[in-house]
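Observations on the three-dimensional arrangement
What follows is each chain in one-letter form.
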Protein chains: 2
Amino acid sequence: MNVAVMGYGTVGSGVVEIINKRDLGLDVKYILDLRDFPGDENASKFTKDFNDILTDDTVKIVIETMGGQTPAFDFVSKCLAAGKHVVTSNKELVAEKGLELITLAKENNVNFMFEASVGGGIPIIRPLTFCLKANNIRSINGILNGTTNFILTKMIRENMSFADALKIAQDNGYAEKDPTADVEGHDACRKICILSALAFGNHVYPKNVHCEGITKIALEDVAYAASIGASIKLIGTAEDRGNGQLYIVVSPAIVMAESQLSSVSDVFNAVLVNGDATDEVLFFGKGAGKLPTASAVVADALDCMEHDNNRRPIFWGPEKPELIMDYQEIPNKYYIRLKGADKDAICAAFAGATFLEGATDDIAFISNEVTENEARAKVSTISNAELCSLIRVARC
Amino acid sequence: MNVAVMGYGTVGSGVVEIINKRDLGLDVKYILDLRDFPGDENASKFTKDFNDILTDDTVKIVIETMGGQTPAFDFVSKCLAAGKHVVTSNKELVAEKGLELITLAKENNVNFMFEASVGGGIPIIRPLTFCLKANNIRSINGILNGTTNFILTKMIRENMSFADALKIAQDNGYAEKDPTADVEGHDACRKICILSALAFGNHVYPKNVHCEGITKIALEDVAYAASIGASIKLIGTAEDRGNGQLYIVVSPAIVMAESQLSSVSDVFNAVLVNGDATDEVLFFGKGAGKLPTASAVVADALDCMEHDNNRRPIFWGPEKPELIMDYQEIPNKYYIRLKGADKDAICAAFAGATFLEGATDDIAFISNEVTENEARAKVSTISNAELCSLIRVARC
């Protein structure tokens, strides 16, 4: 079956490489890219004109690996409307425009697939959609961004500052020159929005999700966490808190040693899905990279080929922002570090607090379940207390 | 869509419970069991006559959760031949009769699905078959049996003997009264045979796979392994060693601390798949239990419903026993413990051996890559050496 690949960057070139190498029944007919690739072995397939792809009825599957919303959204919409299946690795596109695109796919009886948009080569979209379908999903917690996990691993293992660890990540090609999307959590946020839509049935827009990156994590907090065998990870969480109310957030979180996420280090990703029948199921692997991500794209293309005349039921409904709870009003355990506070005063404000050992004069503790707003209010009652850190404890 | 459930044991009753509870488009029309279940809320659905199911054309999907080959093979064959989809959790049936049954399913254009036969509620069959399809699989290593993993965890963490740990497993309902199938590795062997067939394309019969259980593991070996942060796990391995030659074995193995399998404890299962595009991908969760396993069965039934008229391409070819290498002729690192041997003599026989710290007078070491036969021959050249233990080191 003929496919066209739009975007010949890291992932797109990996897709072409796998399709050319393996006898899978797929043939690359066009590669769309505005850049020139002199000497590339696929030279005869390049085009700069999207209409070559759109108007060629022999192209049944279009693979979008350009990234961003413009012109990806326009191109993908036109392909779906023209009755072509579309596969994408573009998490921004799915997180922002997924509802329109799955609706358009449904109307045109074609597939819109995006396994590679979350977790790179790790199977997660299809298992969550089909394998765990007999479950009501209770929660999803994931380490969804390899760059930040690499940086945090350096901070944890080598007591390195955020700035130094970021520099090493950039030198190793794990972080971009402008690392904002990774370190501020935007990339992880898009991914948890996609997973939440699949698990709970309604589109979730990144702008409605509280998203906090790792730039403010202090080495003191890393050390206090280590004193109880815990670590600080950037966790994307989507949790059903009952009555369909959702707690969706991306932020640093204290991960206890017994959590399946605690041993996920370096550039690896992992998604921990808690279902009412299966309990915890973990999916782990490389969350990025040329061939891992490309292999997920190609698997989607094969699924499109298998389901050329009978689209797969991947679907969710419009956003219900009223279901997304205010993250500051969700009861949770919190890690709190204070300067200048008296331990007895802390105990009076936070009954049942567990104090942590550390090398500084600060006092750090884990609270019982409180909302963030309650925690801040309690801190304000403690005389002379200066709040240095407040980090949620992951419930997984 | 009407389904019939054959076998109302742990898994079968869980399947009925999930289908009744969730609005999934499935209805249980018959439950086949020779036993009586007085007062059961599904009383009206029970039958003792298989022909009620076979001859009812409104039953499109038959779920087999009886276990064993007789009468399951006969019943399942007849259902497939009658044009009914069949879903099973029965690993013995799939490992021994899978080829006949997938062939029969293909001939009759129906689905034969068995996600629950490996890893209980953990999605693995479908991800391996579809999500990782763009990969050439290099190897699969799995902790595939929860009972033995529970026993080994007790031995490792509490320095408990095999016999004592088995007793606790039995008291907790994790091990059967006759624990042979678990502790001798037969259950894990069936599962690695199924995974190998899916990954490498040819049926593998358990009788052709070397299978060694955990009954002979000594606490000394657990302690020596712990001295380097390693642990002993029952590992099922199916590895492509090049030229299509397969190394398939179930046996205790030394798992190094950096392996993703090293932190898989208690009754949990995990399957580590190494693909040429994705590298290592891990699937982790509860490998057994009523609702986890039942949820995998129900997901298969939903897949059958989605693919009522277009069966999914799950298929492999006949056995090629000549591709399964003699496990004793495969180069591997080995953990070896000797009594009465001289360290210098060991170094002379095993160049590059890494010696382990331990509390006994024995000498334990990790060899460089040798075959088991070579290792035994080398040991025989060391004067006074008595071979106490020889355990492969997992390559994952």
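Residues numbered from 1 in each chain as written. Chains lettered and ligands numbered in written order. Predicted model: local features only at pLDDT ≥ 70, side-chain atom pairs only at ≥ 80, totals over all residues.

What follows concerns the overall build of chain A. Of the regular secondary structure elements, chain A holds 13 helices and 16 strands. Expected size for 396 residues packed as a compact globule is a radius of gyration near 21 Å; at 23 Å, chain A falls within 12% of this value. Each of the 396 residues in chain A was classed as buried or not, and the buried ones make up 54%. Sequence-distant contacts, at least 24 apart, represent 74% of the contacts inside chain A between residues at least 6 apart. (Helix = DSSP H or I, 4+ residues; strand = E, 2+ residues; numbered from the N terminus. Rg over C-alpha atoms; globule rule 2.2 N^0.38 Å. Buried ≥ 20, exposed ≤ 12 C-beta atoms within 10 Å, placed from the backbone. Contact = placed C-beta atoms within 7 Å.)

Contacts between the two partners involve 39 residues from chain A and, on the opposite side, 39 residues from chain B. For the side of chain A that touches chain B, the elements supplying multiple residues, two or more each, are α5 (125-131), β12 (279-286) and α11 (290-306) of chain A. Ranked by residues supplied to the side of chain A that touches chain B, first place goes to α11(A) with nine residues. Considered class by class, the residues forming the side of chain A that touches chain B number 21 nonpolar, nine polar and nine charged. (Nonpolar A, V, L, I, M, F, W, Y, C, P; charged D, E, K, R; others polar.)

Both copies of the chain are tied together by a single rotation about an axis and a shift running along it. For the pair chain A and chain B, the superposition axis carries a translation of 0.0 Å, the fit reaches an RMSD of 0.0 Å, and the rotation angle comes to 180 degrees. Accordingly, the operation relating the two chain copies is best matched by a two-fold axis. When C-alpha positions in chain A are compared against the rotation axis, the closest is assigned to F283(A), at 2.5 Å. Most of the interface of chain A is mirrored in chain B: 100% of its interface residues are interface residues there too. (Least-squares fit on C-alpha atoms with pLDDT ≥ 70 in both.)

This next bit is on helix α1 (residues 10-21) of chain B. Residues and elements named next belong to chain B. For α1, spanning twelve residues, the distance from its first C-alpha to its last is 17 Å, which sits close to the expected 16 Å at 1.5 Å a residue. Along α1, the residues classified as buried are V11, G12, S13, G14, V15, V16, I18 and I19. Where the residues of α1 are buried, they touch β1 (2-6), β2 (27-32), β4 (59-64) and α11 (290-306). (Expected span 1.5 Å × (residues − 1).)

Take the sheet that holds strand β6 (residues 112-113) of chain B next. Residues and elements named next belong to chain B. Across the sheet, six strands lie side by side as β3-β2-β1-β4-β5-β6; this open sheet has parallel pairing. The two strands at the open ends of the sheet, each matched to only one other strand, are β3 (46-47) and β6. Across five bridges, β1 lies against β4 in parallel orientation. Note on β4: the bridge partner recorded for V5 is I63. Along the sheet face, α1 touches β1, β2 and β4 and points at about 160 degrees away from the line of β2. (Pairing = 2+ DSSP bridges. Axes fitted to C-alpha atoms, helices over the stretch in contact; angles between N-to-C directions.)

This part covers unusual backbone geometry. The peptide bond linking T70(A) to P71(A) adopts the cis configuration, its omega dihedral lying at 5 degrees. Tracing the sequence through the fold places P71(A) in the loop between β4 (59-64) and α3 (72-81). In this structure, N159(A) is a non-glycine residue whose phi angle is positive, near 55 degrees. Topologically, N159(A) is positioned in the loop between α6 (146-158) and α7 (162-171). Since 12 C-beta atoms lie within 10 Å of it, N159(A) is described here as exposed. Although it is not a glycine, D279(B) adopts a positive phi angle of roughly 60 degrees. The exposure class assigned to D279(B) is partly exposed, which follows from the 18 C-beta atoms found within 10 Å.

Let's shift gears to the packing of α3(A) against helix α4 (residues 91-107) of chain A. Residue and element names in this part refer to chain A. The geometry of α3 relative to α4 is characterised by a closest axis approach of 10 Å and an angle of 15 degrees between their N-to-C directions. In this view, α3 runs roughly parallel relative to α4, as classed from their interaxial angle. The element α3 and its partner α4 pack so that their crossing is right-handed. Where α3 abuts α4, its residues A72, F73, V76, S77, L80 and A81 lie against L93, K97, L101, L104 and A105. Considered class by class, the residues forming the contact of α3 with α4 number nine nonpolar, one polar and one charged. (Parallel < 35°, antiparallel > 145°, perpendicular 65-115°, else oblique. Left-handed = near helix turned anticlockwise from the far one by under 90°.)

On to the packing of helix α4 (residues 91-107) of chain B against helix α9 (residues 186-200) of chain B. Residues and elements named next belong to chain B. Interaxial distance between α4 and α9 falls to 9 Å at its minimum, and their mutual angle equals 50 degrees. What the angle tells us is that α4 and α9 run oblique. Once α4 is placed against α9, the crossing between them reads as left-handed. Taking contact as the criterion, the partners of K91, E92, V94, A95 and G98 in α4 are, on α9, R190, K191, C193, I194 and A197.

All names here are of chain A. Turning to helix α10 (residues 219-226), its buried residues are D221, Y224 and A225. Seen along its axis, α10 keeps its buried residues to an arc of 100 degrees; they face one direction. Buried residues along α10 sit in contact with β9 (231-240), β10 (246-255), β13 (334-339), β14 (354-356), β15 (363-366) and β16 (386-393). (Arc of directions from axis to C-beta.)

Attention now goes to the sheet that holds β4(A). All names here are of chain A. Read across the sheet, six strands follow the order β3-β2-β1-β4-β5-β6 without closing on themselves; strand pairing throughout is parallel. With one partner strand each, in any of the chains shown, β3 (46-47) and β6 (112-113) form the two edges of the open sheet. In terms of strand pairing, strand β1 (residues 2-6) meets strand β2 (residues 27-32) through five bridges, oriented parallel. Looking at the pairing, M6 lines up with L32 of β2.

Here the domain parsing of chain A yields domain 1 (2-121 + 290-316), domain 2 (125-287) and domain 3 (330-393). Distance from the C-alpha centre of domain 1 of chain A to the C-alpha centre of domain 3 of chain A: 49 Å. (Domains from an automatic or database assignment.)

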